[in-house]
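Breakdown of the fold
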Amino acid sequence: MICSVVRGLLVTISILSVFVSSLGLAQSKHPRVVILEKNLAADITRLLEKIVGNKPFYVDVFIEPLRPENDQDGNRLNLPLLGYVDRRESDVWDDLEVPDHVLLKKVTRVTVQITLDQTVPDFLIEDIKKMAKKQWPFVEGRDFITVEKKSLQVTDQDQDLINAEFFKKIATIFLGLLVVYLIAQLLNGWMVARKIARAVGSVKVELSGQSGGGGHFGETFAQGSAGALPSVRGFEMSDGGSGGMSGDTRITGGELQLHDTIRIAELIQQWVLRLKEEKNFPSLEDMKILEEEVHSHAHSVGALLHAFPVDIKNKVVAFSKSEKWFLAIADPGILDSKCFSIMNHLMKISRNVHSELEERLLVYCWYAEEKLLEFLKRIDQEDALWILSQLPKNLSLAVGREYLPGRWALLLDVESNELSKRRINPEVLNNYVKILEELKPLRTIDLVEKYKRQHEILKYVSSVDPVVEKEIYLASGENSGLSLLRPPYYVLFELSNEELNRVLLRVPLETLALSLFNIPKDLRSKVDKNLSDKQRFVLVDYLKKWDKRGVTKEKIAEARNHIGWVCHEVVQVTRYEKNNSDISTKKVTSSSEAA
């Protein structure tokens, strides 16, 4: 109660101060009169500086403007005015285009008061008056110039008084600013308190009519269209934190935000039921979104996968590409606002562009990636061109330039009728899917379950010494599936020169340096000898920098995992090429023997 009274008094004082200051402003001189007085005083000051030299003096100028007695209606005026309230109450002083020498003729009196130091000789006074009159159209009997002499030398006592007055003014200004600041803070706190009170009241009203964990939110979703964010009566989902309690509220930026994991879970379950009815889920666009999110938010994607039914979960995992998916499923998070954002993105995708078989083929081609070129060489060229036109451009252009050197430019024409109208026979589509299954089998949920069981071992071997890593892989045996979940990194030091050069072309130098951090020089030299002098210099510079600043085990593990997969792919390609060359050699030998 006392605080509210004090607050009210402060508000009243501030309003009165503003009102009083506005009254004082209304009684001040016209701006043009003030400017004219200052200009005339400056001219006379320059004149006196030339005459009296360094001796002190003062110049004061007072101008009384010429004022019309009555306006057009005969009312008496008091011009010139400060504002432009009425056009009838304005004269030449309100016209900004009128120069100063014209305004000096529109005055009733000009009074100039000059105060000189007593050391100035008397015979200079008359000269000063005569020369000062030349600074404006001086009119005898109307204008006056008075000159007087005083002791203007500042003594030590006077200086002390001046300093005291100066500091007194500074202190007054400071105290005034402090009072204004405190008043502003009190007003701001009062307004924020009222806003919080209203917000809390509205939350109580919202929650009082609900049963369970947020029925109103689910009803709002059910009434909305699929893919649209539901309205929650002014509440917003907070994209931070992972609190698991229902009804968690926050004040951010002056707005009330709601972070309720129970409501998020309800919404996601509603959306999951809608996705289950979609025949083309997961589409190519769905997998692109999920693959991108799993790299930066693996735990959130894992939480979503656990919310999916088993059949949908198996479909998504089947087309997963990176090893981040294993981490997502083995160590899922909770259904938070990031999960909400991902699902909302998925609900906005249109899945009616292609048939079910076409969509499955496109997703399979995107999943095959490194095997895509080999697949395209085994099918009809026109069909291959259509497939490439439907895939993401970063994949289709890279493969198309190598597969169709003369026609790949067609992929740049997004609205090409030749490609958009083409359709592939369903039987042919099924045959194409079988070819892809042979080239790159889909991932199974069993592989993921193996990863979950061996999660601790995988985490350990990701950053351990390569010699110890090799011993663990050899001891685990071929049936453990460790190599399938994470191809070993130690293979890098056992590759042939040709294979090692292929790996180095595909691995950034910084990633290679991260993987070699804290590895013995004799082992590292097997890789160094295949680098150029410039690359070796940059590599050593990276290692020195991390030796001073340090580097986390997670970054080292990520680099080694990446290189392990690259080594695995290079070895597979080398074996494939070797087998093909052996077959062709045998054919040539057999044909020569037959001849």
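Details of the structure are given in the entry above.
Now for a description of the structure that goes with this document. (Residues numbered from 1 in each chain as written. Predicted model: local features only at pLDDT ≥ 70, side-chain atom pairs only at ≥ 80, totals over all residues. Heavy atoms only, no water.)

Looking at the overall build of the protein
What the protein contains, in helices and strands, is 27 helices and 5 strands. Counting the 595 residues in the protein, one finds 38% classified as buried. Of the contacts formed within the protein by residues at least 6 apart in sequence, a portion of 74% connects residues at least 24 apart. Working note: accessible area of the protein is about 35600 Å², and carbon and sulfur atoms make up 55% of it. (Helix = DSSP H or I, 4+ residues; strand = E, 2+ residues; numbered from the N terminus. Buried < 20%, exposed > 50% of the residue type's maximum accessible area, 1.4 Å probe, protein only. Contact = heavy atoms within 4.5 Å. Areas by Shrake-Rupley, 256 points an atom, 1.4 Å probe, with all protein chains shown as cover.)

With respect to unusual backbone geometry
Residue Phe281 is joined to Pro282 through a cis peptide bond whose omega torsion reads 0°. Structurally, Pro282 is set in the loop between α7 (261–276) and α8 (284–296). The backbone of Glu369 shows a phi angle near 50°, a positive value even though the residue is not glycine. Even without being glycine, Asn518 reaches a positive phi, approximately 65°. Counting through the fold element by element, Asn518 comes out in the loop between α24 (509–515) and α25 (521–528).

Some thoughts on the sheet that holds strand β3 (residues 144–150)
Pairing in this open sheet of 3 strands is mixed, and the strands run β1-β2-β3 from one edge to the other. The outermost strands of the open sheet, each flanked by one partner alone, are β1 (57–65) and β3. Mean inter-strand twist for the sheet, computed between neighbouring axes without regard to direction, equals 10°. Of the strands in this sheet, β2 (107–117) and β3 are in contact with helix α4 (residues 123–133), which crosses β3 at around 145°. (Pairing = 2+ DSSP bridges. Axes fitted to C-alpha atoms, helices over the stretch in contact; angles between N-to-C directions.)

A look at a nonpolar patch on the surface
Taken together, Phe166, Phe167, Ile170, Ile173 and Leu177 make up a surface patch of nonpolar side chains, about 550 Å² in accessible area. Note on placement: Ile170 falls in helix α5 (residues 156–208). (Patch = residues over 30% accessible without salt bridge, like charges linked within 9 Å, V, L, I, M, F, W, Y side chains within 5 Å. Salt bridge = Lys/Arg side-chain N within 4 Å of Asp/Glu carboxyl O.)

A closer look at the pairing of β2
Among the 11 residues in β2, 8 count as buried, and that is most of the element. Pairing geometry for β1 and β2, over 9 bridges, is antiparallel. The residue of β2 that forms the bridge with Glu64 is Arg109. Here 7 bridges tie β2 to β3, and the two strands are oriented parallel to one another. Residue pairing across strands places Asp117 opposite Lys150, the latter belonging to β3. Remark: the β2/α4/β3 crossover connection has right-handed handedness. (Right-handed = clockwise from strand over helix to strand, strands pointing away.)

A short note on the environment of Ser300
Examined against the element boundaries, Ser300 turns out to sit in helix α9 (residues 298–307). Measuring from C-alpha to C-alpha, the distance between Ser300 and Pro332 comes to 6.7 Å, with 32 residues separating the pair along the chain.

Things to note about the packing of α8 against helix α13 (residues 356–368)
Two elements in contact, α8 and α13, have axes whose closest approach is 9 Å; the angle formed by their N-to-C orientations is 35°. On α13, the residues touching Leu284, Met287, Lys288 and Glu291 of α8 are Glu359, Leu362, Val363 and Trp366. Classifying every residue of the contact of α8 with α13 gives 5 nonpolar, no polar and 3 charged. (Nonpolar A, V, L, I, M, F, W, Y, C, P; charged D, E, K, R; others polar.)

Here's the deal with the nonpolar core
Core analysis: the biggest nonpolar cluster contains 65 residues, and Phe375 and Leu391 have the highest contact counts within it. The biggest single contributor to this core is α13, with 8 residues. Ignoring sequence-local partners within four residues, the contact set of Phe375 consists of Leu361, Cys365, Ile387, Tyr432, Ile435, Leu436 and Leu439. By size, the runner-up hydrophobic cluster in this structure holds 30 residues, among which are Ala41, Leu48, Leu103 and Ile125. (Core = buried A, V, L, I, M, F, W, Y, C linked by side-chain atoms within 4.5 Å.)

Quick word on the pattern of salt bridges
Under the defined criterion, the tally for this structure stands at 17 salt bridges. Of the charged contacts, one joins Glu569 and Arg506 as a salt bridge, the two residues approaching to 2.5 Å between their closest N and O atoms. With Glu569 in helix α27 (residues 553–594) and Arg506 in helix α23 (residues 497–506), this residue pair connects regions lying 63 residues apart in the sequence. Judged by relative accessible area, which is 44%, Arg506 ranks as partly exposed. Linked through salt bridges whose partners overlap, the residues forming this network are Glu278, Asp286 and Arg351.

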